[in-house]
Amino acid sequence: MFEASGGDWSEIADSIAEAAALGEERIVVNMGPQHPSTHGVLRLMLEIDGETVREARCGIGYLHTGIEKNMEFRTWTQGVTFCTRMDYLAPLFQESAYCMGVEKILGITDDVPERAQVIRVLMMELNRVSSHLVCLGTGGNEMGATTVMTLGFTAREEILRILEAVSGLRMNHAYVRPGGVAQDVPDTLDAQVRDALPRIRGYLGQLGDLMLANPIFKARLVGVGHLSLAGCMALGVTGPVLRSAGLPYDVRKAAPYGGYETYDFDVPTSTDADCYSRVVLRIEECYQSLRIVEQCLERLSASTGAPVMVADKKIAWPAQLAIGSDGQGNSLDHIREIMGTSMEALIHHFKLVTEGFRVPVGQSWTTVEHPRGELGVHLVSDGGTRPYRAHFRDPSFNNLQAVAAMCEGGQVADVVVAVASLDPVLGGVDR
């Protein structure tokens, strides 16, 4: 008996005839795009034989953001507000990589103030921890361990409070700008971060205790979702999945940016190449990121009052920001100056905000170590105030190629674990 619903009948009839000729009973199951275990609107087409997955394919494109095309119709600075929304769990990495690319074409990479670079590193490393906490929390919840999720999200909340104190927003910050950052960190940041760090470490310790020696957890993860180093290299897989196969490739070490060569941290690796080793690596990466955060705090306390934006007023946008009674915006002093004392300043401000600055003809390729792997940004300028082309190599997109290699031959339940170990975020895939 064959039952079919939807689709082209001739294709269904052909598949039925093929299955009948082989004498096999094939079932094709759609897992997603509305499925709690697919980390967003990912569609997995699974051909199963009993509980065994014979074929696994990814179906993407259900998010339809069109961010890269939209950026061609906005100024270079406005582009930040678009790319920050791609991978919505790691927005500060897209912002930083994009702005570094713009700065490279402008030729001002060395002009970005040291304090701005330190703030970028601080924000990215805090963001890396918060992203990994979501990965660990949701992965645990998908296997029935709700406590893992509540712990992970409680710890993440500590970091989101810090990001909000600095940028005004918990997510989609648009805080990193070409030439530096939108504004300096608040005076209370050092105390706030130092107060939160012991609690975050405590939550990480609890997560490790809950997961790493748990016999049920290990039974679900050890030896599951195996992807060898050769497979990672062939598929262009990067990040924790690549490092779990034994290659210590980290852009922060291989091609340092933002001063990462001056920070003391390690790149954890494993040779087990399974889902369990990726959990261990992500927890260890969180501890390494917190090491970098502490180093950033030391540097920030030693450079209080230093500039956080390039001195060139033709690029430095927006002007001095402040948090007032009406929220975050231009400081009252700046508004008084441009509205009351200097017509030239008002004209310049108007032109810079509405039209934007011009970027010389050229192109740049910039990469950063994103929580999910290597994030690349290719920018092309035709000499105008808007990008001619902006294209991102999002790690989630490339890493999803590994789904078939990790899932075929395994059990249906292992598909959930394998996808969780890849940690894809569909905002970055369907950018």
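Here goes a summary of the coordinates provided. (Residues numbered from 1 in each chain as written. Predicted model: local features only at pLDDT ≥ 70, side-chain atom pairs only at ≥ 80, totals over all residues. Heavy atoms only, no water.)

### Topic: the environment of G208
- You can see G208 is positioned in helix 7 (residues 189–211).
- Each C-alpha atom, one on G208 and one on V279, is 9.2 Å from the other, the two residues being 71 residues apart in sequence.
- With residues up to four places along the chain from it excluded, the contact list for G208 reads A213 and I283. (Helix = DSSP H or I, 4+ residues; strand = E, 2+ residues; numbered from the N terminus. Contact = heavy atoms within 4.5 Å.)

### As for the packing of aromatic side chains
- Under the criterion given, the structure shown has three aromatic pairs.
- With a centroid separation of 6.0 Å and an interplanar angle of 55 degrees, the aromatic rings of Y260 and Y263 are classed as tilted.
- In textbook terms, an aromatic cluster arises when at least three aromatic residues are bridged by ring pairs, as seen for Y257, Y260, Y263 and F265.
- Cation over ring: K253 sits above F265, and NZ or CZ is 4.3 Å from the ring centre.
- Directly above the ring of F397 sits R431, whose terminal nitrogen or CZ lies 5.3 Å from the centroid. (Phe/Tyr/Trp six-rings, centres within 6.5 Å; stacked < 30°, edge-to-face > 60°. Lys NZ or Arg CZ within 6 Å of the ring centre and 35° of its normal.)

### A short note on the sheet that holds strand 10 (residues 389–393)
- Strand order in the open sheet formed by three strands is 8-9-10, and the pairing between neighbours is antiparallel. The sheet is open, and its two edges are formed by strand 8 (362–370) and strand 10, each paired on a single side. If you compare each strand with its neighbour and ignore which way they point, the axes differ by 15 degrees on average.
- Relative to strand 9 (residues 373–381), strand 8 runs antiparallel, the two being bridged by nine bridges. (Pairing = 2+ DSSP bridges. Axes fitted to C-alpha atoms, helices over the stretch in contact; angles between N-to-C directions.)

### A few points about the sheet that holds strand 3 (residues 52–59)
- Strand order in the open sheet formed by three strands is 1-2-3, and the pairing between neighbours is antiparallel. Because the sheet does not close on itself, it has two edges, and the strands there are strand 1 (27–31) and strand 3. Pairs of neighbouring strands in the sheet enclose a mean axial angle of 20 degrees, with direction left out of account.
- Pairing analysis gives seven bridges linking strand 2 (residues 43–49) to strand 3, with the strands arranged antiparallel. If you follow L46 over to strand 3, its bridge partner there is A56.

### As for unusual backbone geometry
- Backbone geometry at H39 places phi at a positive 55 degrees, although glycine is not the residue there.
- Secondary-structure assignment places H39 in the loop between strand 1 and strand 2.
- The buried category is assigned to H39, whose relative accessible area is 14%.
- Positive phi, close to 55 degrees, is recorded for A174, a residue that is not glycine.
- Tracing the backbone through its elements, the reader meets A174 in the loop between helix 6 (146–167) and strand 4 (176–177). (Buried < 20%, exposed > 50% of the residue type's maximum accessible area, 1.4 Å probe, protein only.)

### Here's the deal with the pattern of salt bridges
- Overall, the coordinates contain 25 salt bridges when judged by the stated rule.
- In this structure, R194 engages E298 in a salt bridge whose closest nitrogen and oxygen atoms are separated by 3.2 Å. Pair noted here: R194 is in helix 7 and E298 is in helix 12 (residues 275–302), with a separation of 104 residues, a long-range link.
- For R291, the salt bridge is made with D264, and the minimal N-O distance between the two is 2.9 Å. Residue R291 is found in helix 12, and its partner D264 is found in the loop between helix 11 (251–254) and helix 12; the two are separated by 27 residues along the sequence.
- Accessibility expressed as a relative area gives 47% for D264, which makes it partly exposed.
- Linked through salt bridges whose partners overlap, the residues forming this network are E125, R128, R243, D250, R252, E285 and E369. (Salt bridge = Lys/Arg side-chain N within 4 Å of Asp/Glu carboxyl O.)

### Some points on the packing of helix 5 (residues 114–142) against helix 6
- Running from N to C, helix 5 and helix 6 cross one another at 160 degrees; their axes reach a closest spacing of 8 Å. By the angle between their axes, helix 5 is roughly antiparallel relative to helix 6. Relative to helix 6, helix 5 is oriented so that their crossing is left-handed. Two secondary-structure elements touch here, helix 5 through M123, L126, V129, S130, L133, V134, L136, G137, T138, G140 and N141 and helix 6 through T146, V148, M149, G152, F153, A155, R156, I159, I162, L163 and V166.
- Residue composition of the contact of helix 5 with helix 6, by class: 14 nonpolar, seven polar and one charged. (Parallel < 35°, antiparallel > 145°, perpendicular 65-115°, else oblique. Left-handed = near helix turned anticlockwise from the far one by under 90°. Nonpolar A, V, L, I, M, F, W, Y, C, P; charged D, E, K, R; others polar.)

### Here's the deal with the nonpolar core
- Counting residues in each nonpolar core, the largest one holds 88 residues, and the members touching the most others are Y98, Y175 and F392.
- Setting aside its immediate chain neighbours within four residues, Y98 contacts M71, T75, W76, G79, V80, C83, V377, L379, P387 and F392.
- Counting residues in each nonpolar core, the second largest holds 26 residues, with I48, V53, L227 and A402 among its members. (Core = buried A, V, L, I, M, F, W, Y, C linked by side-chain atoms within 4.5 Å.)

### Quick look at the environment of S396
- Here S396 is to be found in helix 15 (residues 395–399).
- Here the alpha-carbon distance between S396 and L375, two residues 21 residues apart in the chain, equals 9.2 Å.
- Excluding its chain neighbours within four sequence positions, the residues that come into contact with S396 are D87, R372, D423, P424, V425 and V429.

### Things to note about the packing of helix 6 against helix 7
- Two numbers describe how helix 6 lies on helix 7: the axes approach to 10 Å, and their chain directions differ by 165 degrees. It follows that helix 6 is roughly antiparallel to helix 7 by the angle criterion. The way helix 6 lies across helix 7 gives a crossing that is left-handed. Contacts between helix 6 and helix 7 pair T147, V148, L151, G152, T154, A155, E158, I159, R161, I162, A165 and V166 from the former with L189, Q192, V193, A196, R199, I200, Y203, Q206, L207, L210 and M211 from the latter.
- Residue classes in the contact of helix 6 with helix 7 are distributed as 15 nonpolar, five polar and three charged.

Nothing here speaks to function; it is all geometry.
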